[in-house]
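Each chain, written out:
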Amino acid sequence: MTFTVDVHHHILPDFFWRATNEADDPVGGIAPPPWSAAAALSFLDDAGIDIAVTSISTPGVHVGDDAAARALARHCNEFSAELMKDHPDRFAGFACLPLPDVDGALLELAYALDDLHLDGVVLFSNARGVYLGDQSFWPLFEELQRRRAVVFVHPNASPDPSAHRLGLPDSLIDFTADTTRAVAQLHYRNTFARTPDVKYIFSHAGGTVPYLAGRFGIVDEMDVIPGGEHRSSAAETFRHLYFDTALSWSDPVLTMLRSVVGPDHVVFGSDYPYLRRDLAVFCRAHIETSEVLTDSERVSILGLTAANLIPRLASP
């Protein structure tokens, strides 16, 4: 089977889940089964996945207190490092940061990458209502640029109360919308332009960005948002981003991604354990056999592009 890296693979240790989620009201609206390293390894084997790049999930580590968020981020990152140490051929890891506490995030970034040797960071589309393109986050993005870091961006629940009044799980509609908000703000606030060496991976095929790419193009052509002289067009910017296939592996979406970002900027993601296990196994099998992909595109999406982003993951 084709060498495969799962870049959208969550770890949910008990101490993280207890600190951030309520059992009867999980963030996103879908409660995953209890997580364990043994269950994760069993899933990887069943799905034919060689390596998983782990990350915590929504809502991140900050639920209102800076000191508690710093402590939880440290605990999560040290847990990820131990998981990698115990299973170096199966796990890599994205570090979590205690945003919107920027000073704490900078301290944890240095520890996670320099001491724990994690492979990049996971950021959330908004941190307690502050979106990633906000000017207050610029010191963090300057450091990410200096390090040429890999940044995995995962959606978070919208801070807009009206988004939660439909009686639907946030993961159905608003997670994709929140990713789109983050991409748009990062582009039009010129954060992408200021960080050309950061490798951004956006969850769930970039939310609704592929579908709205033409709309971004019209806004660019009309030149209605200030600062256009300092950034590339949205179309060119998207070609430098990476989108994962988590919950986005259908043939129409793969075809759209080919035209918007190119198959060499698409990476495989399962969204385990939130996606039901049989579906998570199927999504990898579908990409292996999809008739809309060429053999070279399949190889790139399943593992080669991720290994280029994180060279130590390269298949023997």
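Above this note sits the structure.
These figures come from a predicted structure and were not determined experimentally.

The rules we used
- Residues numbered from 1 in each chain as written.
- Predicted model: local features only at pLDDT ≥ 70, side-chain atom pairs only at ≥ 80, totals over all residues.
- Heavy atoms only, no water.
- Helix = DSSP H or I, 4+ residues; strand = E, 2+ residues; numbered from the N terminus.
- Rg over C-alpha atoms; globule rule 2.2 N^0.38 Å.
- Buried < 20%, exposed > 50% of the residue type's maximum accessible area, 1.4 Å probe, protein only.
- Contact = heavy atoms within 4.5 Å.
- Lys, Arg positive; Asp, Glu negative; His and termini not counted.
- Charge placed at Lys NZ, Arg CZ, Asp CG, Glu CD.
- Pairing = 2+ DSSP bridges.
- Salt bridge = Lys/Arg side-chain N within 4 Å of Asp/Glu carboxyl O.
- Polar contact = N/O pair within 3.5 Å; in protein donor to acceptor, adjacent residues only side chain to side chain.
- Expected span 1.5 Å × (residues − 1).
- Core = buried A, V, L, I, M, F, W, Y, C linked by side-chain atoms within 4.5 Å.
- Patch = residues over 30% accessible without salt bridge, like charges linked within 9 Å, V, L, I, M, F, W, Y side chains within 5 Å.
- Areas by Shrake-Rupley, 256 points an atom, 1.4 Å probe, with all protein chains shown as cover.
- Bend = angle between axes of the 7 residues up to and from the residue.
- Right-handed = clockwise from strand over helix to strand, strands pointing away.
- Phe/Tyr/Trp six-rings, centres within 6.5 Å; stacked < 30°, edge-to-face > 60°.
- Disulfide = S-S within 2.5 Å.

1. Observations regarding the overall build of the protein chain
Within the protein chain, the regular secondary structure consists of 12 helices and 11 strands. In terms of C-alpha radius of gyration, the protein chain reaches 18 Å, essentially the compact-globule figure of 20 Å for 316 residues. By principal-axis analysis of the C-alpha atoms, the protein chain measures approximately 55 × 50 × 45 Å. Counting all 316 residues of the protein chain, 55% fall into the buried class. Sequence separation of at least 24 residues holds for 79% of the intrachain contacts in the protein chain that already meet a minimum separation of 6. Of the charged side chains in the protein chain, 23 are positive and 42 negative, and the gap between their average positions amounts to 2 Å.

2. Here's the deal with the sheet that holds strand β11 (residues 266-267)
Across the sheet, which stays open at both edges, the 6 strands sit in the order β4-β5-β8-β9-β10-β11 with parallel pairing between neighbours. Edge strands, defined here as strands with exactly one partner in the open sheet, are β4 (95-96) and β11. With 4 bridges joining them, strand β8 (residues 150-154) and strand β9 (residues 199-202) adopt parallel strand pairing. Opposite Val150, over in β9, you have Lys199 as the bridge partner.

3. Side note on unusual backbone geometry
Put simply, Thr58 and Pro59 share a cis peptide bond, and its omega is 5°. Put simply, Tyr272 and Pro273 share a cis peptide bond, and its omega is 0°. Backbone geometry places His204, a non-glycine residue, at a positive phi of 55°. Tracing the chain through its elements places His204 in the loop between β9 and α8 (209-222).

4. Some words on the side chain of Arg231
As for its position among the elements, Arg231 is in the loop between α8 and α9 (234-238). Here Arg231 is buried and forms no salt bridge, its nearest opposite-charge partner Asp220 lying at an N-O distance of 5.0 Å. Of note is the side chain of Arg231, whose polar atom sits 2.9 Å from the backbone oxygen of Ile225. In contact with Arg231, other than residues within four places in its own chain, are His187, Tyr188, Asn190, Ala193, Ile225 and Pro226.

5. Describing helix α3 (residues 66-86)
The end-to-end C-alpha distance of α3, which contains 21 residues, comes to 30 Å, matching closely the 30 Å that a straight helix rising 1.5 Å per residue would cover. For α3, the full list of buried residues reads Ala69, Leu72, Ala73, Cys76, Asn77, Ser80, Ala81, Leu83 and Met84. On its buried side, α3 packs onto α1 (14-20), α2 (37-47), β2 (51-55), β3 (91-93), β4 and α4 (102-115). Taking the backbone nitrogen of Ala67 as reference, a side-chain oxygen 3.2 Å away marks Asp65 as the first, capping residue of α3.

6. Here we look at the nonpolar core
Counting residues in each nonpolar core, the largest one holds 94 residues, and the members touching the most others are Leu123 and Leu144. Among all residues touching Leu123, those that are not within four sequence positions of it are Leu97, Leu99, Leu132, Leu140, Phe141, Leu144, Val151, Phe152, Val153 and His154.

7. Concerning a nonpolar patch on the surface
Residues Leu166, Leu168, Leu172 and Ile173 make up a contiguous nonpolar surface patch of about 390 Å² in total accessible area. The residue Leu166 is located in the loop between β8 and α6 (174-188) in this model.

8. Let's talk about helix α12 (residues 295-309)
Over its 15 residues, α12 extends 20 Å from the first C-alpha to the last, a length consistent with the 21 Å expected when each residue adds 1.5 Å. The largest bend in α12 is about 60°, located at Ile301. Buried within α12 we find Glu297, Arg298, Ser300, Ile301, Leu302, Gly303, Thr305, Ala306, Ala307 and Leu309.

9. Quick look at the pairing of strand β5 (residues 121-124)
For a regular strand, side-chain orientation follows a simple rule: the groups alternate between the two sheet faces. The side-chain alternation of β5 yields two buried faces, one formed by Val121 and Leu123 and the other by Val122 and Phe124. Bridging between β4 and β5 involves 2 bridges; their strand directions are parallel. Opposite Ala95, over in β5, you have Val121 as the bridge partner. Read as a crossover between parallel neighbours, the route from β4 over α4 to β5 is right-handed. Sheet topology note: the β5/β8 ladder contains 4 bridges and is parallel. Its bridge partner being in β8, Val122 is matched across the sheet by Phe152.

10. Overview of the packing of aromatic side chains
All chains considered together, the criterion is met by 11 aromatic pairs. Geometrically, the ring pair formed by Tyr188 and Phe216 is stacked, given 6.1 Å between the ring centres and 10° between the ring planes. One end of the pair, Tyr188, is in helix α6; the other, Phe216, is in helix α8, and 28 residues separate them in sequence. Of the residues examined, Tyr188 reaches a relative accessible area of 13% and is grouped as buried. On the basis of relative accessibility, which here comes to 8%, the residue Phe216 falls in the buried class. Summarising the aromatic geometry, the rings of Phe192 and Tyr200 are spaced 5.0 Å apart at their centres and angled 75° between planes, so their arrangement reads as edge-to-face.

11. Things to note about the state of the cysteines
On inspection of all chains with the given rule, the structure shows 0 disulfides. Here Cys76 is not disulfide-linked; the sulfur of Cys96 is the nearest cysteine sulfur, at 4.4 Å. A relative accessible area of 2% places Cys76 in the buried class.

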